[in-house]
Amino acid sequence: MKILALGAHPDDIEIFMFGTLAAYAAQGAELTFAVATDGAKGGKGDPKALARTRRDEAAAAAGLIGAVPRFLDFPDGALIADAALISVLKTLIGEVNPDLAITHAPNDYHADHRALSDGVRIAASFAVPVLHADTMGGTGFSPTLYVDISAHRDVKTQAIRAHRSQMPEQYVERARVQNEFRAGQCNSVPGSLAEAFRFEPTFPFADIRALLPPAPPVRPVTPQTNVVGEAG
């Protein structure tokens, strides 16, 4: 199995889909992480120095699960789904030859996220199915698929914290809350975590569930009630 994960900025893969990618790694999948922009606007100070720092952080996070990082180096904050981006993405898909591509939802909060989503959809064409990751805060997102990441919580946290330039604790907490909520939607046991995704079937890719790691286990709904004593 070959998985291509695409994030707009150097920490996006870690925040939105890293638990699932860790699950793939545990299954022996080959992972490629593609970062579309240089991340140079993600802080103060010299943009070139920040871009180098963020590249190093992304490489360290990818290395936690043996993923190969690829840096496309488009300018941060200016990504558009134009011919240049689509051409680079088509070349990348051709080189990696993935079984599945995972990227941002087309309605995510950041314009760079939306542009990358559009570009991946166009570049993928008939070559590979595209799976969309949850949005920030789950806003406007209706999942169709879930992946149990409970066993991978620690490495996901470690990956987010690798991005020390980004004040990562805020994203550690955001991810935890969102992943707990998504697990709760599946009636998982308390403390479970899940990442949510949406797949829009597009010919010839109608059903990709078999390509994903396991969903949270199904538990029956068993309402609990107080025992009411018999009337005397």
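*Asks:* Is there a simple way to explain the sheet that holds strand 2 (residues 30–37) in this structure?
*Replies:* Note on sheets: strands pair through backbone hydrogen bonds, and any given pair is parallel or antiparallel. Judged by pairing direction, the sheet is mixed, and its seven strands sit side by side in the order 3-2-1-4-5-7-6 without closing on themselves. Both edges of this open sheet fall to strand 3 (68–74) and strand 6 (145–148), since each of them pairs with a single strand only. Neighbour-to-neighbour, the strand axes of the sheet open up by a mean angle of 25 degrees, direction not taken into account. Where strand 1 (residues 2–7) lies against strand 2, six bridges are found, and the strand directions are parallel. Note that in strand 2 the partner of G7 across the bridge is V35.

*Asks:* When you look at the packing of aromatic side chains in this model, what are you seeing that I'm missing?
*Replies:* In this description, an aromatic ring pair is defined by two values, namely the gap between the centres and the angle between the planes. A full pass over the atoms with the stated rule returns one aromatic pair. Seen in terms of ring centroids, F18 and F33 are 6.1 Å apart; in terms of plane orientation they differ by 80 degrees. Their pairing is edge-to-face. In this pair, F18 sits in helix 1 (residues 12–26) while F33 sits in strand 2, placing the two residues 15 residues apart along the sequence. For the pair shown, F18 and F33 are each scored as buried.

*Asks:* What's the story with the packing of helix 3 (residues 83–96) against helix 4 (residues 111–124) in this structure? I'm lost.
*Replies:* Geometry of a packed helix pair, given as the angle between the helix axes and the separation of the axes. The contact between helix 3 and helix 4 brings their axes to 9 Å, and the two run at 55 degrees. As the angle between them shows, helix 3 and helix 4 are arranged oblique. As helix 3 packs across helix 4, the resulting crossing turns out to be right-handed. For the pair helix 3 and helix 4, contact is made by L85, I86, L89, K90 and I93 and by A115, L116, G119, V120, I122, A123 and A124, respectively. For the contact of helix 3 with helix 4, the per-class residue count stands at ten nonpolar, one polar and one charged.

*Asks:* I would appreciate a short explanation of the pattern of salt bridges in the present structure.
*Replies:* Where charged atoms of side chains with opposite charge meet at close range, the side chains can pair. In total, this model carries nine salt bridges according to the counting rule given. Note that E173 is salt-bridged to R176, the shortest N-O span being 2.4 Å. Linking E173 with R176, this pair stays in helix 6 (residues 169–185), spanning three residues, or about one helical turn. Accessibility expressed as a relative area gives 33% for R176, which makes it partly exposed. Here E180 and R176 are joined by a salt bridge, their closest N and O atoms 3.0 Å apart.

*Asks:* Quick question: what am I supposed to make of the packing of helix 5 (residues 153–161) against helix 6 here?
*Replies:* Running from N to C, helix 5 and helix 6 cross one another at 150 degrees; their axes reach a closest spacing of 9 Å. Between helix 5 and helix 6, the interaxial angle falls into the category roughly antiparallel. Every pair of crossing elements has a handedness; the one defined by helix 5 and helix 6 is right-handed. Across the interface between the two elements, K156, T157, I160 and R161 from helix 5 touch E169, Y171, V172, A175 and N179 from helix 6. Looking at side-chain class alone, the contact of helix 5 with helix 6 contains four nonpolar, two polar and three charged residues.

Thresholds, definitions, all that
Residues numbered from 1 in each chain as written. Predicted model: local features only at pLDDT ≥ 70, side-chain atom pairs only at ≥ 80, totals over all residues. Heavy atoms only, no water. Pairing = 2+ DSSP bridges. Helix = DSSP H or I, 4+ residues; strand = E, 2+ residues; numbered from the N terminus. Axes fitted to C-alpha atoms, helices over the stretch in contact; angles between N-to-C directions. Phe/Tyr/Trp six-rings, centres within 6.5 Å; stacked < 30°, edge-to-face > 60°. Buried < 20%, exposed > 50% of the residue type's maximum accessible area, 1.4 Å probe, protein only. Parallel < 35°, antiparallel > 145°, perpendicular 65-115°, else oblique. Left-handed = near helix turned anticlockwise from the far one by under 90°. Contact = heavy atoms within 4.5 Å. Nonpolar A, V, L, I, M, F, W, Y, C, P; charged D, E, K, R; others polar. Salt bridge = Lys/Arg side-chain N within 4 Å of Asp/Glu carboxyl O.

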